[in-house]
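One letter stands for each residue in the lines below.
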Amino acid sequence: MTASGAARPSHRGERLADAVDARLPVYDGGGKLLRKAFPDHWSFLLGELALYSLLVLVLTGVWLTLFFKPEMREVVYDGPYAPLRGVRMSQAFDSTLHISFDVRGGLLIRQLHHWAALVFVSAIGLHLLRIFFTGAFRRPRELNWVIGVTLLMLALAEGFAGYSLPDDLLSGTGLRIAEGIMLSIPVVGTYIAFFVFGSQYPGHDVIPRLYSLHVLLLPGALIALVTLHLILVFHLKHTQWRGPGRSNANSVGKPLYPQFTASSAGLSLTVFGVLAVLSGVAQINPVWVYGPYRPDQVSTGSQPDWYVGFLEGSLRLVPPWETTVAGHTLMWNVLLPAVVLPALLFAVLYAYPFVEQRLTGEWLTEQHLCDRPRERPVRTGLGAAGITFYGVLLLAGGNDVLAATFRISVNTLTWTLRIALIVGPVLAFVITRALCHALLEAERERLVEGEETGEVRQSVAGGYESGHRPVTDFRPGAPRAPLTPVDRHPGPRTGTPDQEHPGPARRSR
């Protein structure tokens, strides 16, 4: 009786599963999904940092919308912050002060939102760098690269929109610069600026319009693209480091459930905890110090958030070039650094996977094994050059602060950075490529000769030689002995392994 009674529910469960799967493949599909392998290397967690930061942004953003008033109607402040009592300000700035000083936990949530935004953009940038340097953008993942670059662009726009909403003196200065960038666009610039601001600057419509972008359109686009990105991640096989038992035909790692789920949940709690601690102990964006925005005032030493600092730097480095054509003035000193340069940067990012694969011939086959940066000297050199270019622009965005801190001339520093912007990326490319070749040569020598033991022996002939032992410690993706022809002779064009000597450890062609 007990045995038959115990068997009956199991039987009914199997019939239920069969009935459900006949209409909707939940059990079979779910089983495959739960068995999907995820790499366990730390570099693959950067995308998850961005995902969990976005989750914090959404949760804190929903809370902030309950108290923020996106209006530019002028009011007189009579809140608890004494230095600003009796000062005229917009409703947006007044509600920001109300959140910071009157709402219980309001300042903590505001700072949590801001810190999460910085981590979100940083994680996307680092994740894209990991994809770039390891070649994980190659077929069949080009679409995911395009989605990632688009996410970065939308994150920059979303951050700037949210940064401008409090209508404080610092963010208002940024909006003033944004208006100048719009006006620099030939022919249509004035129309664009009038459409954005609703009237002559500053108008009364820009904060409500930015609010709609910040809480509706841009988050919707971000969430939609993140969802599509995750669908493609699950659909496509994960890239992985080369090693024993790993090839283009398989994927080795932790299954989604329970190992990867547990580690990912722990990472999410860590992200939440670190952001909460930062929000409680590290002050950020104290708008009450800046005061409300006034068009006739600009803060000394004002700096934007780091992710748009390169635009500020590019504006400061370009000389005051202007051209008058048929009564129209072309402001090259604004148009080139703030419109043309960002457009070219994103165009290069979008096109790079397709250009590289075309040059190397890798667009014909799928690539599931990650490259180590040293194995692609040209690609790594280009990445180092791009990072150097961005770093110089970021430094230039604070040239006044740097000049005051180190007591040097602003003009001298500006000209130094102008020269560095041209020479620095070239030097970074040459040095990085040489280092990659040197690292590869040292690695080959280590594999062939073995590791030094620290012992020195004297031969019968009177000479001395150091003792060696076989290499047993390998980093992810590092080659093993014996070396293949590919490991010995990288190709000359972009660091691609020689097409004439394809090694089975590298990739299948």
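Residues numbered from 1 in each chain as written. Predicted model: local features only at pLDDT ≥ 70, side-chain atom pairs only at ≥ 80, totals over all residues. Heavy atoms only, no water.

- The name given to the protein in an unreviewed UniProt entry is Cytochrome bc1 complex cytochrome b subunit, with the source organism recorded as Streptomyces longisporus.
- Taken from UniProt, the Catalytic activity (unreviewed entry) comment for the protein reads in full: "a quinol + 2 Fe(III)-[cytochrome c](out) = a quinone + 2 Fe(II)-[cytochrome c](out) + 2 H(+)(out)".
- Under the UniProt heading Cofactor (unreviewed entry), the note attached to the protein is "heme". (UniProt positions renumbered as here; feature names shortened; annotations may be inferred.)

### What to know about the overall build of the protein
- When you go through the protein residue by residue, the secondary structure sums to 17 helices and 8 strands.
- Buried positions account for 44% of the 509 residues belonging to the protein.
- Surface exposure of the protein reaches about 27100 Å², of which carbon and sulfur atoms provide 66%. (Helix = DSSP H or I, 4+ residues; strand = E, 2+ residues; numbered from the N terminus. Buried < 20%, exposed > 50% of the residue type's maximum accessible area, 1.4 Å probe, protein only. Areas by Shrake-Rupley, 256 points an atom, 1.4 Å probe, with all protein chains shown as cover.)

### Remarks on the packing of aromatic side chains
- Summed over all chains, the structure comprises 15 aromatic pairs.
- On the numbers, 5.3 Å between centres and 80 degrees between planes, the contact of F132 with F133 is edge-to-face.
- Among the residues examined, F132 registers a relative accessible area of 10% and is labelled buried.
- According to the relative accessible area criterion, F133 is buried, its value standing at 15%.
- An angle of 80 degrees between the planes, with centres 5.8 Å apart, marks the rings of F137 and Y352 as edge-to-face. (Phe/Tyr/Trp six-rings, centres within 6.5 Å; stacked < 30°, edge-to-face > 60°.)

### Focus on the confidence of the model for the protein
- Summing up the model confidence of the protein, the mean pLDDT is 86 and the portion of residues at 70 or higher is 88%.
- Of the regions scoring below 50 in pLDDT, residues 1-10 engages in 0 contacts with residues more than four places distant in sequence or in other chains.
- Within the model, the stretch residues 497-509 combines pLDDT values under 50 with 34 contacts to residues more than four positions away or in other chains. (pLDDT = per-residue confidence, 0-100. Contact = heavy atoms within 4.5 Å.)

### Brief notes about the pattern of salt bridges
- Enumeration over the complete set of coordinates arrives at 19 salt bridges.
- Here R88 ties to E74 by a salt bridge, and the two come within 3.3 Å at their closest N and O atoms. Of this pair, R88 sits in strand β3 (residues 88-90) while E74 sits in strand β2 (residues 74-76); the two residues are 14 residues apart in sequence, bridging distant segments of the chain. Accessibility classification places R88 together with E74 in one group, the exposed group.
- In this structure, D205 and R209 form a salt bridge, with 3.9 Å as the shortest nitrogen-oxygen distance.
- Classification of D205 by relative accessible area gives partly exposed; the value is 30%.
- Here R209 falls in the partly exposed class, since its relative accessible area comes to 37%. (Salt bridge = Lys/Arg side-chain N within 4 Å of Asp/Glu carboxyl O.)

### Looking at unusual backbone geometry
- Cis rather than trans, the peptide bond between R139 and P140 has omega equal to 10 degrees.
- Its place among the elements puts P140 in the loop between α5 (106-134) and α6 (142-164).
- Of note, the bond from Y201 into P202 is cis; its omega dihedral lies within 30 degrees of zero at 0 degrees.
- The residue P202 is located in the loop between α8 (189-197) and α9 (206-235) in this model.
- Positive phi outside glycine occurs at D167, with the angle close to 60 degrees.
- Relative to the assigned elements, D167 resides in the loop between α6 and α7 (169-183).

### Digging into the nonpolar core
- Counting 41 residues, the largest nonpolar core has F120, I124, W145 and L275 as the members making the most contacts within it.
- Counting only elements with at least two residues in this core, the list comes to α3 (46-65), α5, α6, α9, α10 (256-281) and α13 (332-360).
- Among the elements that take part in this core, α5 stands out by supplying 13 residues, more than any other.
- Every residue in contact with W145, bar those within four places of it in the chain, is listed here: L128, I131, F132, F137, L349, Y350 and P353.
- The next biggest cluster of nonpolar side chains, apart from the first, holds 20 residues, and it includes I99, I109, L169 and M182. (Core = buried A, V, L, I, M, F, W, Y, C linked by side-chain atoms within 4.5 Å.)

### Some words on the layout of surface pockets
- Volume-wise, the largest pocket comes out at about 1200 Å³.
- Ranked by residue count, the leading element in the lining of the largest pocket is α7, at 8 residues.
- Residues belonging to the lining of the largest pocket are distributed by class as follows: 33 nonpolar, 5 polar and 2 charged.
- Considering only enclosed or pocket space, the second largest pocket measures out at about 1000 Å³ in volume.
- L129, L349, G386, I387 and Y390 are, among the 31 residues lining the second largest pocket, the residues nearest its centre.
- Among the secondary structure elements, those contributing two or more residues to the lining of the second largest pocket are α5, α6, α13 and α14 (377-396).
- Element by element, the count of residues in the lining of the second largest pocket is highest for α14, at 9 residues.
- Here the lining of the second largest pocket is composed, by residue class, of 26 nonpolar, 5 polar and no charged. (1 Å grid on protein atoms, 1.4 Å probe; cavity = no way out; pocket = protein on both sides within 12 Å on 5 of 7 lines; lining within 4 Å. Points joined across faces, edges and corners; volume = space filled by probe spheres on them. Nonpolar A, V, L, I, M, F, W, Y, C, P; charged D, E, K, R; others polar.)

### With respect to the environment of A92
- With respect to the secondary-structure elements, A92 resides in helix α4 (residues 91-101).
- The sequence separation of A92 and P166 amounts to 74 residues, and the corresponding C-alpha distance is 5.6 Å.
- Setting aside chain neighbours within four positions, we find A92 in contact with F68, K69, E71, L165, P166, D167 and I207.

### Some words on helix α16 (residues 410-449)
- In this model α16 runs 54 Å from its N-terminal to its C-terminal C-alpha over 40 residues, within 8% of the 58 Å that 1.5 Å per residue would give.
- L421 marks the point of greatest bend in α16, at about 40 degrees, and the proline P425 comes within the next four residues.
- Backbone nitrogen of N411 and a side-chain oxygen of the N-cap are separated by 3.3 Å at the start of α16; the cap is S409.
- Residue G450 follows α16 closely and has a positive phi angle near 90 degrees. (Expected span 1.5 Å × (residues − 1). Bend = angle between axes of the 7 residues up to and from the residue. Polar contact = N/O pair within 3.5 Å; in protein donor to acceptor, adjacent residues only side chain to side chain.)

### With respect to the packing of α6 against α13
- Put simply, α6 and α13 touch, their axes get as near as 10 Å, and they point 170 degrees apart. It follows from the interaxial angle that α6 and α13 lie roughly antiparallel. Residues E142, W145, V146, V149, T150, L152, M153 and L156 of α6 touch α13, and the partners they reach there are F346, L349, Y350, P353, F354 and Q357.
- For the contact of α6 with α13, the per-class residue count stands at 11 nonpolar, 2 polar and 1 charged. (Axes fitted to C-alpha atoms, helices over the stretch in contact; angles between N-to-C directions. Parallel < 35°, antiparallel > 145°, perpendicular 65-115°, else oblique.)

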